[in-house]
Amino acid sequence: MSAPTDVRPEKSVSEPQLPDSELVVARTWHPLRWVISAVVLVLLAQFIHGLVVNPGWDWPTFAQYFTAKSVLAALWMTIKLTLWGTILGFGLGVFLALGRLSKNPVLQVIAWTYIWAFRSIPLIVQLLFWFNITYLYQTLSLGIPFGPEFFTFQVSGVIGGFTAAVIGLALHQAAYSAEIIRSGIISVDHGQIEAAHSLGIPCSRQFFKIVLPQAMRAILPNAANEVIGLFKGTSIVSTMAIAELFYQVQVIFGRNGRVVPLLMVATIWYIILTTLLSIGQYYVERHYARGSARALPLTPVQKARKKFEEIRDARLDIPRGATR
C-alpha cells in the first residue's frame, strides 16, 4: 500500500480590498461636450474682444455719462416709478384676488371685469389715457351721486405727468398681480383649510398662518418676474416726456449723436438693478421655503465658504514633505 499523501487545500489568493473612500469611479468620456464648450468659449472670447477693441462702442463716452448727474436723477425716477407701481399694483391686486375668490357674486363680477379690461388694453394706451385725462375731466368732485357735492378740485393740479404714470402702471400691474395672488392661494390644499375650520382657528389666523406662507412659495417667482418686467416697462413712460432713465438717455444722444454708448449706459443700469432684484428674490424665496424642506440649500456665499474650508482642510491633511 502506498503511503497517504499530505494534501492540503490551496490558499485562495484574494485581491486586496480598498476602502470605500479610495474607490474611484471611472468617468464617462463625452467628447462632444468638450467640442461644444470650446466653440462657445471661442465665440465668447471673440465677442469680448470686439467689445474692447471696436471703437464704435465708444467706452470713454460711456464712462463719462454712466454716473452723470442727469442720468442718476433719471435712474432714481425709474426706481420711484417701479416702487409706487409695485406697492399700489400689488396692494390693489390683493383685493381683486380676494374679490374673485369671494362668494359674493357682485365682487366676483367686478373683479373679473377689471382684470379682463386692464389685461386687454395695452399699457401705453392706458398711460396716454391718464396723461390726457384733463381732456375729459377738468374738475372732479366728491359727493352724493345726482346730489350735493362736498369737495371739488382741478384735475390738472392733481394729476400731473408723474402721477398719471404711477396710476397707469399701478392699475395695469394690479390686473396681473391679482391673478398671480389668486393662483398662489388656490394652490394651497383645501384640506388644510377644512382642518383649520374643524379646530376652530379664526379665519384671519388661517389666512396669515396657514394659507399665506404656503401660497407665497407659488406667488413669489411670478411676482418677482412682474416686478422686473415693471422696472423695465417704465421705459414706456418716455412717451409722456417723463425724465426716467431711457428718456434721459434719448435726450443726451439726441444732442451729441452718441447713440450706442448712451444705450449701453441704460442697458448696464437695467442689468445692475435687475440683478439686485433677482438676488432679493432668491433670499425671499429661501425664507418662505423653510417649511417645505428639512434643510435649506446653501446660499452662494455659504457654498463658497464651504469650498474654501474644504480646500484649506485638505491642505492641512497633507504630511510635511509629501506631494500630491
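Residues numbered from 1 in each chain as written. Predicted model: local features only at pLDDT ≥ 70, side-chain atom pairs only at ≥ 80, totals over all residues. Heavy atoms only, no water.

Caption draft 1: The arrangement of the overall build of the protein chain in detail. Looking only at helices and strands, one finds twelve helices and two strands in the protein chain. Across the protein chain, helices and strands are ordered from the amino to the carboxyl terminus as α-α-α-α-α-β-β-α-α-α-α-α-α-α. Per-residue burial over the protein chain gives 27% buried out of 324 residues. (Helix = DSSP H or I, 4+ residues; strand = E, 2+ residues; numbered from the N terminus. Buried < 20%, exposed > 50% of the residue type's maximum accessible area, 1.4 Å probe, protein only.)

Caption draft 2: Focus on the packing of aromatic side chains. Under the defined criterion, the tally for this structure stands at nine aromatic pairs. Taking 5.4 Å as the distance between ring centres and 70° as the angle between the ring planes, the aromatic pair formed by Phe 231 and Tyr 270 counts as edge-to-face. Residue Phe 231 is found in helix H9 (residues 203–233), and its partner Tyr 270 is found in helix H11 (residues 259–288); the two are separated by 39 residues along the sequence. Judged on exposure class, the residue Phe 231 and its partner Tyr 270 are both buried. Connected via pairs of aromatic rings, a cluster forms that spans Trp 57, Trp 59, Phe 62, Phe 66 and Trp 269. Lys 80 extends its terminal NZ or CZ atom over the ring of Phe 162, reaching a point 5.5 Å from the ring centre. (Phe/Tyr/Trp six-rings, centres within 6.5 Å; stacked < 30°, edge-to-face > 60°. Lys NZ or Arg CZ within 6 Å of the ring centre and 35° of its normal.)

Caption draft 3: Structural detail: the layout of surface pockets. Reported here for the largest pocket is a volume of approximately 500 Å³. Together, 14 residues line the largest pocket, and Leu 101, Ile 185, Ile 193, Phe 207 and Val 211 are the ones closest to its centre. Among the elements of the structure, helix H3 (69–101), helix H7 (161–186), helix H8 (190–198) and H9 are those that each provide at least two residues to the lining of the largest pocket. Of the residues forming the lining of the largest pocket, the biggest block, four residues, is contributed by H9. Broken down by class, the residue content of the lining of the largest pocket amounts to nine nonpolar, four polar and one charged. Every residue lining the second largest pocket is counted, 16 residues in all, and those nearest its centre are Thr 86, Ala 224, Val 227, Ile 228 and Leu 277. Partitioned by chemical class, the residues of the lining of the second largest pocket number twelve nonpolar, four polar and no charged. (1 Å grid on protein atoms, 1.4 Å probe; cavity = no way out; pocket = protein on both sides within 12 Å on 5 of 7 lines; lining within 4 Å. Points joined across faces, edges and corners; volume = space filled by probe spheres on them. Nonpolar A, V, L, I, M, F, W, Y, C, P; charged D, E, K, R; others polar.)

Caption draft 4: Examining unusual backbone geometry more closely. For Asp 58, which is not glycine, the phi torsion reads 50° and is therefore positive. Along the polypeptide, Asp 58 turns up in the loop between helix H1 (31–53) and helix H2 (59–66). Residue Asp 58 is classed as buried on the basis of its relative accessible area, which comes to 14%. With phi around 60°, Ala 241 is a residue other than glycine that occupies positive phi space. Considering the arrangement of structural elements, one finds Ala 241 in the loop between H9 and helix H10 (245–256).

Caption draft 5: Representation of a nonpolar patch on the surface. On the surface, Leu 32, Val 35, Ile 36, Val 39, Val 40 and Leu 43 cluster together into a nonpolar patch covering about 560 Å² of accessible area. Structurally, Leu 32 can be placed in helix H1. Given the relative accessible area of 59%, Leu 32 is considered exposed. (Patch = residues over 30% accessible without salt bridge, like charges linked within 9 Å, V, L, I, M, F, W, Y side chains within 5 Å. Areas by Shrake-Rupley, 256 points an atom, 1.4 Å probe, with all protein chains shown as cover. Salt bridge = Lys/Arg side-chain N within 4 Å of Asp/Glu carboxyl O.)

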